[in-house]
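Next come the chains, spelled out residue by residue.
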Amino acid sequence: MARARLKPAAAPRAPATPVVTPAAPSDPALRPDLVRIPAGCFQMGSPGSETGREEDERQHRVCVEGFEIGQDEVTVGEFKRFVAATNYRTDAEKNAGGKEGCFVLIDGEGAAWRRGYSWRNPAYTQHDNYPVACVSWNDAIAYTVWLSRETGQRYRLPTEAEWEYAARAGTTTARYWGDDPDQACLYANVADQMQGPEGLSWTEKHECNDGYWYPAPVGRFRANDWRLNDMLGNVWEWTCSAYDKDYGGAEKECTNKNTSGPWSLRGGSWFNHPAMVRSAFRDSYVPTNRYNFAGFRLARSL
């Protein structure tokens, strides 16, 4: 049951326009484009009146320090360079956690463990400019460690609070484009009216057509007001925060990798219906879990 509507706080003052930090000319293949996000405070979570609201979205005031976050999700091409340089094998390729391969959704209505699927072949056609998927939290952390070593810059995943602050981009509506879910197809790749393979269709969907059944290349849709692409839809994004349904403070921290328990993911994906494609919606998985609808985005402290 949804909580009673909370008393709305005054709208926070929008920070100065974020600045895109371009890739270093000397090393364009490795350093991602980051957007500098000014420090600020916001109402994290959702009001009791928000359609689709879950019980773990307690609205509360959170302040974050300035940080940088990837303008786009990490792509197949970027992850491919990491694997080529390190011979890294992902959790899906190692059958970590006693599961075979990557958990893939391919028929529109159900999912099953499928032998042989991984980031190289997530059960749909992809190119280097698509968001990498079928990567676990462990895989995402391994990528940040390698990239930090190679570039001399300390990359990480965003905290859950940083992620929502960046996704909202100063807005207080359910989505950064507003409250209407059916405007999603201008801004995000989601479950929609698009007909899938063999005439499949979504039963719960946005009443619009974004042109994609599976993930889209990064940056194909309108960015939010802070010039961040695909913060909602396309693929779920791992954060560095442990999941706490009660929002006891873990959302503001990066949790040590040796801590047991699930980590938070945010943003929804290409197969999610309107209730799950909201700035406040949360999900969580254990660090070895991997799906063909989950990837990640980089962050860096200032």
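What counts as what
Residues numbered from 1 in each chain as written. Predicted model: local features only at pLDDT ≥ 70, side-chain atom pairs only at ≥ 80, totals over all residues. Heavy atoms only, no water. Helix = DSSP H or I, 4+ residues; strand = E, 2+ residues; numbered from the N terminus. Contact = heavy atoms within 4.5 Å. Disulfide = S-S within 2.5 Å. Buried < 20%, exposed > 50% of the residue type's maximum accessible area, 1.4 Å probe, protein only. Salt bridge = Lys/Arg side-chain N within 4 Å of Asp/Glu carboxyl O.

### Focus on the side chain of Thr144
Here is step 1: Among the structural elements, Thr144 can be located in helix α2 (residues 137–151).
Here is step 2: In contact with Thr144, not counting residues within four places along its chain, are Tyr155, Arg156, Leu157 and Leu298.

### Some thoughts on the state of the cysteines
Here is step 1: One pass over the structure, following the stated rule, counts four disulfides.
Here is step 2: Disulfide partner of Cys102: Cys134, at an S-S distance of 2.0 Å. Measuring the twist about the S-S bond at about -85°, one finds the Cys102-Cys134 disulfide to be left-handed. With Cys102 in the loop between α1 (76–86) and β6 (103–105) and Cys134 in the loop between β7 (111–113) and α2, the pair connects residues that are 32 residues apart, well separated along the chain. Taken as a pair, Cys102 and Cys134 share a single burial class, namely buried.
Here is step 3: For Cys185, the disulfide goes to Cys208, at an S-S distance of 2.0 Å. Residues Cys185 and Cys208 are joined by a disulfide whose S-S torsion is about 70°; by sign, that bridge is right-handed. Of this pair, Cys185 sits in the loop between α3 (160–168) and β8 (236–242) while Cys208 sits in the loop between α3 and β8; the two residues are 23 residues apart in sequence, bridging distant segments of the chain.
Here is step 4: Judged by relative accessible area, Cys208 falls into the buried class, the value being 9%.
Here is step 5: If you count the bonded cysteines of the protein chain from the N-terminus, they pair up as 1-2, 3-4, 5-6, 7-8.

### Brief notes about the pattern of salt bridges
Here is step 1: Per the stated rule, a full pass over the model turns up 15 salt bridges.
Here is step 2: One salt bridge connects Arg278 with Glu57, and the closest N-O pair in it is separated by 2.6 Å. In this pair, Arg278 sits in the loop between β9 (263–266) and β10 (282–285) while Glu57 sits in the loop between β3 (40–44) and β4 (60–64), placing the two residues 221 residues apart along the sequence.
Here is step 3: Given the relative accessible area of 0%, Glu57 is considered buried.
Here is step 4: Across the salt bridge formed by Arg297 and Glu237, the nearest N and O atoms sit 2.8 Å from each other. One end of the pair, Arg297, is in the loop between β11 (294–296) and β12 (299–301); the other, Glu237, is in strand β8, with 60 residues separating them in the sequence.

Everything listed here is a matter of geometry and, on its own, says nothing about what the molecule does.
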